Amino acid sequence: MQCYTELTPPTAVTHSLSLPFLSPQSSNLVVARASLLQIFTTKSVSAELDNALNPQNPQHPQPQSSAADQPYDTRINDDDGLEASFLAADTALVRSDRSHYTKLVLVAEFPLAGTVTGLARIKSPLTASAGDALLLAFKDAKMSLVGWDPVKRSIHTVSIHYYEQEDLQACPWSAPLGSYVNYLTADPGSRCAALKFGLRNLAIVQFTSIAEDVDMQDWDEELDGPRPTQEPSAAVTNGTSDSKKTPTSFVLCLPHLDSSLIHPVHIAFLHEYREPTFGILSSTSAPSAALGRKDQLSYMVFTLDLEQKASTTILSVTGLPQDLYRVLALPTPVGGALLIGANELIHIDQSGKTHGVGVNPFSKQATSFSLIDQSDLGLKLEDCQIDIISAENGELLMVLNDGRMALVTFRIDGRTVSGLSVQLIAPDCGGGIVPTRASTLSRLGRTSLFVGSEESDSLVIGWTRKQSQSTKRRHRLHDASLGLDMDEEDLEDLDDDDDLYGEEVAPTKQSPNALNSDGGRSGELVFRLHDSLVSIAPIRDFALGKVPCSSTNEEPSNQEGVSSDLSLVCAIGKGASGSLAIMNRAIQPGVIGRFEFPEARGFWTVAVQKPIPKSLQGDRGTNSLGADYDASTQYDRFMIVSKVDLDGYETSDAYALTGAGFEALSGTEFDPAAGFTVEAGTMGHHRRIIQVLKTAVQCYDGDFGLSQIVPMLDEDTGAEPRVEYASIVDPYIMLIRDDASVFIAKMDNNLELEELEKEDSTLNSKKWTTGCLYEDRSGVFVTPPHDKGATHGDNIIMFLLSKTGALYIYDVCNLTTPIYVAEGLSYLPPILSADYAARRGASRESLKEILIADLGDNISTYPYLVTRSNQHDVTVYEPFRSSLAPTVELSQSLHFLKLPNSTIAKSTTTTTEDDVEEQRAYPMRRCDDIAGYKTIFLPGDSPHFILKSAKTLPKVIELHGSGVRGMSSFHTEGCERGFIYADSQGVARVCQIPASPTTSYAEIGMPLRKLPLNVDIHSITFHPTSNTFVIGCDTLDPFELPKDDDYHKEWHLEKDLPIKPLVQHGLIKLVNPKTWTLIDTVEMEPFETVMCVETLHLEVSEATNERKHLVVVGTAISRGEDLPIKGRILVYDVVIVIPEPNRPETDKRLKLIAKEDIPRGAVTALSEIGTQGLMLVAQGQKCMVRGLKEDGSLLPVAFMDMSCYVTTVRELKGTGLCLMGDAVKGVWFTGYTEEPYKMILFGKSSPKLEVLAVDFLPDGNDLSIVACDSDGGIHVLQFDPEHPKSLQGHLLLHRTTFSTGAHIPTRSMLLPRSLPATSDYISQYQVNGNSPTPSSPSHILFSSLTGVLATLAPLSEPQYRRLSFLSSQLLSSVQHHAGQNPKAYRAPVSTGAVGRFPPGVDAGMGRNIIDGAVLSRWNELNAGRKAEIAGRVGFTGVDEMREVLREVLGMNGLEYL
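This one's a predicted model, so the numbers in the text were calculated from it and none came from an experiment.

Reading guide: rules and limits
- Residues numbered from 1 in each chain as written.
- Predicted model: local features only at pLDDT ≥ 70, side-chain atom pairs only at ≥ 80, totals over all residues.
- Heavy atoms only, no water.
- Axes fitted to C-alpha atoms, helices over the stretch in contact; angles between N-to-C directions.
- Helix = DSSP H or I, 4+ residues; strand = E, 2+ residues; numbered from the N terminus.
- Parallel < 35°, antiparallel > 145°, perpendicular 65-115°, else oblique.
- Left-handed = near helix turned anticlockwise from the far one by under 90°.
- Contact = heavy atoms within 4.5 Å.
- Phe/Tyr/Trp six-rings, centres within 6.5 Å; stacked < 30°, edge-to-face > 60°.
- Buried < 20%, exposed > 50% of the residue type's maximum accessible area, 1.4 Å probe, protein only.
- Core = buried A, V, L, I, M, F, W, Y, C linked by side-chain atoms within 4.5 Å.
- Pairing = 2+ DSSP bridges.
- Disulfide = S-S within 2.5 Å.
- Polar contact = N/O pair within 3.5 Å; in protein donor to acceptor, adjacent residues only side chain to side chain.
- Salt bridge = Lys/Arg side-chain N within 4 Å of Asp/Glu carboxyl O.

Some thoughts on the packing of helix α13 (residues 1357-1371) against helix α17 (residues 1423-1432)
Phase 1 of the analysis: Contact geometry for α13 and α17: axes closest at 9 Å, N-to-C directions at 140°. The angle between α13 and α17 falls in the class oblique. Considering how the two elements wind past one another, α13 and α17 form a crossing that is right-handed. Along the contact surface, α13 presents F1365, L1366 and Q1369, while α17 presents R1425, I1429 and R1432.

Printed below as a string of structure tokens:
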């Protein structure tokens, strides 16, 4: 059997909601990415600071003016730099940008075993955080009410509601519940919510008791007297539940509310009603544009009586346009509902009064409803998104399906609406920020909005208003640079009022909303991009190819050993957001310098300040002495290297750093023979270099002049313990010695180290394994002092790990007693607390190292506790306080939450140089700035970085290459924010992690580079001979009726439409991966669309049988639905030409060498076939084998008649076995012979299977057929003519089906699988010597439109049995968020067409595909539970289980990437 593993998380944003979720005062954004729920908080960042940290970030476009292009000079507000400003007269000083950007910061994320179809905000008293609750709607009519649990720092499920019972189905032949469009809407007063599911069912969930809603909510003590005390009542609904404690629900059939509600379109709860009231848009007959029906929709408003489960109709409006599809409830002062259609917007207030506006010429033809004519706008409102940006001003923002933005403005007279208008936002005002269609809008604050998208990156946009000069002067008093104590709301007010562009933007035509006729509106809105969420959705196609490293050095040999053989290049995005995404398994650093350094074992770079000469010492300070005497402005100056020569002799050397390397340092008091360096750093405000040796601590000044030696000597016993671990945080140093004792010292004002007294007896009596120091800037462990007289080092915390596995935390300023003790750290529990108690006899993890450090980027950082075991596996804990009250002790409020991490380290090698090297420890390294990240590096045989951005959790990402012995940050003029390391091969490299606005690492858990091409890309292939990529693109052109059509002479008399339909026009582009630029473009004929692009190894000469890699393109020519579809086969070669001037990358072009016109049908799929260099072409309703002739024609030699539309064809390379997937009629398994040329049908699947992708999956001597359907099911089929039910093989056997949920595979590729030599999968074929050994194990790589990459890998029989048992154990051991069932989520669809017509003859024997998402959660268990389960499922121990999981999880099977 097989295991399905997702490699990347879903990135397409489907739903979003803004609400105070974490606490009543918080401002949170909840984002749903199909099956992933993320909770963000917002952070306001100065625009000046953000632009300084990201000077090349394209997400912050400047206004169109000359002043905006000039950099801001900090000397404007800097008194110390005033004098320096006169030294450069040509430097222009520009005004500071005092605006603020709204940034998103991830708080938590939760994978869900379901597909989210709706979010709603519920004000519920049942949440533990006192914040609002979140109502989740899932596919197949399920709902979960969740809240935030501050003690567990997770979501907790309040209630679950599901409506999958058979008695709720209208008829036995109805479609599955997931096939219907379900709507979730909630009452603004949080009294109830409604879910429309199925054909016409409505589920009402009640959240508050009726008595509380009626008697208490509207009580006015001045008019009604004192509020009476309510006795707790038990209002029982559905027989069992108290509605005050548990939400209850009931189901209504919509025709029971009103007989006209036969075809509901949309539903929404309305504002400002005493009782829950909703408006519903429906029709008595199915809307159809083909039948010519007109104005058949009706809008009805119902008020609900929750106690009686009844409703009353209070409003009905009929004769509405049939293209209306959504109801948007509006708050006061506008009120009522906005009905959104394809051609118009209609507002209906509470009295039934209507106002509408037509936004294109078709609105007059589509409806007779009275509308204001704004047809000159020419807007198409299909799939548009609208949200309120200013309720008091009656302003709504609309994002169209092409990304353009428009402003919907209501004219309000008193308390009534007198009209509405629509105005497009000009591009110079930010109207082109959003590149494509939006899927959701959520307002974050007064001047910011989240725009979620399934087709591109999701964005955070902000706006301000252009103001007059007099208004600007009034608001100059609100200067953000004055350092006033303002909360976030005040800052948002400042953003709203402050002018950004008044002096910079050219005068434009005054907007209608600037006429001072409506409330507080004044000035035209200007939009600006604040932040973005990276997305690789949708993945349209992918290819593997050789991609040059992005290093800037001119010596390609430097990249040897740190670059992968291949890269995964995906065509992602739609429309203007079309891009190429380059992904690799591990980080490939850009090598600046490469050196042979076999003796190096550790590196430490230091940025130290030069000692000030006595002649310059005085009261002037270091600022006036130059940058050499101020370490904060310096690059790293020196590097200390610990060495071990061939004889095993340990020394240390000091080097002076150059631009991209280092050179030996001489003439100093540094003693290389002093011994092996354990740790090095700076102290005393960068005025002292500290070198920790095994036997002593040596202090040097800024020029390596020896100033102090602190020997390791126990005065009581006279012993000389050796240092094993050290940690330096100015002004403290902590050492762990081989006698398990701890040494703590502080540097005084005289720059001398002085040992601190260990007043706590525990520090002397306990045996310590390791420890570290940490400067707490976030106030998680110690409360930051409020007075400004705090001294340096007051927030230094010491963490110690005892031999018994206990965690001790000390405040270094007070060593009398620990401030926190957690005895259970070695058990690695899901939540570590001071009172955690493990079960007696439970297994422990052998921890050898702990480190706490800040992780994050320039936007947000947070401390994390990282533990490392003897197997080099890391566990990341996030510390948090359940209560910030000063009366609550730290031992009661501080907890550590284990974060998900499925990365399993490689097994340690047993062959080393000698025993000493094998036992040498390479501790984790804290790095404060590597390419803008605060990160932790994990050296050893399995080197990794722990990276985190503001919008992700910490991710463990491998560094490409062999094991690492020593590493340090490296910040010089030639290598800024880089690092240096020495690998196990004895090579030292000075590197940089590629950092650019298009590069990210933690967003999808692997290195990602997005290259926008701003064109709709749907096909990609790699041409290995020229090392180029060929992509198939489409542009949208207005459709013109063919004037030369012989059958429709009247077409030339037709009038031109004001808005012409857009049709796809194909393009073929050639991309050079050296610079990632387009170097050639081939334009198709009019109305011709590119359907598929493949690189095939074809025979080009009949005489010499020469073969060549050629690019084959299949196209479709569609001139309208009245004319037949035609196609073409185009064969191109990539040839070398003379490049364009100053563009050496343009030395290749596409050359057409053959073409074939297909008179009937489009060319939809291509593949190689056989051993003679022929191609298999899916053309129309035939699959035909063709050969390339020397005259440029394509000779057909064999064919197979198909049914409807072939979506994909595959051949098992060199065997002639072929698979053909039909979009309607299932999978065909055929064979091809060359003598004679013939195609033979072996077997078929069910004719009711809608196939999107199909592929072979070899497994030793077995061959499986894997087909993916349009419902997200992966079907494993098999050809077995000996099975009695297969009708001698004519029917394929159905082995199993696995549901991928929302991540429907649309592309697949059979790839080789990387396995260790000791793998059980390989060893199973070596038991019997006669059994053939699989030369190259394989697995299938899938891609989906939600941005998920996944693999399907075969398993050996022992692996399958153990992992299947392990999966069932994990299902009962880990928490399932929102109460969802992972087993049911992966179960195949058992209703509808799939249930009635299985993909083949059922021969599954109860075996299912194993879900890798469940296996990846094994790290959430504590150490004792891991050992217990490992014994139950048949493993000899946890180590054996680790090895099996490492084969099937993550990217370990794709080591060539």
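Observations concerning the packing of aromatic side chains
Given two aromatic rings, their pairing is described by the distance between the two centres and the angle made by the two planes.
Phase 1 of the analysis: Tallied over the entire structure, the rule returns 32 aromatic pairs.
Phase 2 of the analysis: Ring geometry for Y933 and Y1001: centres 6.3 Å apart, planes at 80°, overall edge-to-face. On the criterion of sequence distance, the pair formed by Y933 in strand β59 (residues 933-938) and Y1001 in the loop between β65 (999-1000) and β66 (1008-1012) is long-range, its members being 68 residues apart.
Phase 3 of the analysis: We classify Y1001 as buried; its relative accessible area is 4%.
Phase 4 of the analysis: Taking the centre distance of 5.3 Å and the plane angle of 65° together, the rings of F1229 and F1279 count as edge-to-face. Separated by 50 residues along the polypeptide, F1229 in strand β81 (residues 1226-1234) and F1279 in the loop between β85 (1273-1278) and β86 (1293-1299) bring together distant segments of the chain.
Phase 5 of the analysis: Given a relative accessible area of 30%, F1279 falls into the partly exposed group.
Phase 6 of the analysis: Grouped by ring-pair contacts, the aromatic residues F595, F597, F603, Y655 and F662 constitute a single cluster.

Regarding the nonpolar core
A general feature of soluble globular proteins is that nonpolar side chains tend to end up buried together.
Phase 1 of the analysis: Counting residues in each nonpolar core, the largest one holds 38 residues, and the members touching the most others are F781, F799, L807, L825, F896 and I936.
Phase 2 of the analysis: When sequence neighbours within four positions are dropped, the list of residues in contact with F781 reads Y774, D776, I797, F799, I819, I852, P863, P879, R881, L890, L894 and F896.
Phase 3 of the analysis: Counting residues in each nonpolar core, the second largest holds 24 residues, with L330, I340, L381 and I386 among its members.

Things to note about the sheet that holds strand β27 (residues 405-413)
Phase 1 of the analysis: Here we have four strands laid out as an open sheet, ordered β25-β26-β27-β28, and antiparallel in their pairing. Of all strands in the sheet, those with a lone pairing partner are β25 (385-390) and β28 (416-424), marking the two edges. Within this sheet the neighbouring strands show an average axis-to-axis angle of 25°, counted without direction.
Phase 2 of the analysis: As judged from the five bridges shared by strand β26 (residues 395-399) and β27, these two strands associate in the antiparallel manner. Across the sheet, the residue bridging to E395 is T409, located in β27.

Quick word on unusual backbone geometry
Phase 1 of the analysis: Of note, the amide linkage connecting D730 to P731 takes the cis form, showing an omega dihedral of 10°.
Phase 2 of the analysis: E1235 connects to P1236 through a cis peptide bond whose omega is -5°.
Phase 3 of the analysis: If you trace the backbone, P1236 turns up in the loop between β81 and β82 (1237-1244).
Phase 4 of the analysis: Even without being a glycine, A130 presents a positive backbone phi close to 65°.
Phase 5 of the analysis: Within the secondary structure layout, A130 lies in the loop between β6 (116-122) and β7 (133-138).
Phase 6 of the analysis: Looking at A130, the relative accessible area reads 53%, which means it is exposed.
Phase 7 of the analysis: Phi is positive for N1142, close to 60°, though the residue is something other than glycine.
Phase 8 of the analysis: Relative to the helices and strands, N1142 is located in the loop between β73 (1126-1136) and β74 (1148-1158).

Notes on the sheet that holds strand β76 (residues 1174-1179)
Phase 1 of the analysis: One open sheet accounts for four strands, arranged β75-β76-β77-β78; its pairing is antiparallel. Edge positions in the sheet fall to β75 (1163-1169) and β78 (1194-1201), since each has one partner strand and no second. Neighbour-to-neighbour, the strand axes of the sheet open up by a mean angle of 25°, direction not taken into account.
Phase 2 of the analysis: Here β76 runs beside strand β77 (residues 1182-1188); their pairing, made up of five bridges, is antiparallel. Note on β77: the bridge partner recorded for Q1179 is K1182.

Section: the state of the cysteines
Phase 1 of the analysis: Inspection of the entire model under this criterion finds zero disulfides.
Phase 2 of the analysis: With no disulfide of its own, C975 has C991 as its nearest cysteine by sulfur position, at a separation of 7.5 Å.

Digging into the side chain of H1303
Phase 1 of the analysis: By secondary structure assignment, the location of H1303 is in the loop between β86 and β87 (1305-1312).
Phase 2 of the analysis: Residue H1303 is classed as buried on the basis of its relative accessible area, which comes to 1%.
Phase 3 of the analysis: Within the local environment of H1303, its side chain forms a polar contact with the side chain of T1346, the two groups lying 2.8 Å apart.

Some details on the environment of W1228
Phase 1 of the analysis: Positionally, W1228 belongs in strand β81.
Phase 2 of the analysis: A residue is classified by how much of its surface remains accessible, and W1228, at 6% relative accessible area, is buried.
Phase 3 of the analysis: Residue contacts for W1228: discarding those within four places in its chain leaves M1200, D1201, M1202, S1203, C1218, L1219, M1220, L1241, G1243 and K1244.

What to know about the pattern of salt bridges
Phase 1 of the analysis: Scanning the entire structure with this criterion turns up 44 salt bridges.
Phase 2 of the analysis: The partner of R1432 in a salt bridge is E1428, with the nearest N and O atoms 2.8 Å apart. Of this pair, R1432 and E1428 both sit in helix α17, four residues apart, roughly one helical turn.
Phase 3 of the analysis: Here R1432 falls in the partly exposed class, since its relative accessible area comes to 44%.
Phase 4 of the analysis: Taking relative accessible area as the criterion, E1428 reaches 24% and is therefore assigned partly exposed.
Phase 5 of the analysis: Salt bridges linked by common partners bring D1080, E1140, R1143, E1145 and R1149 together as one network.

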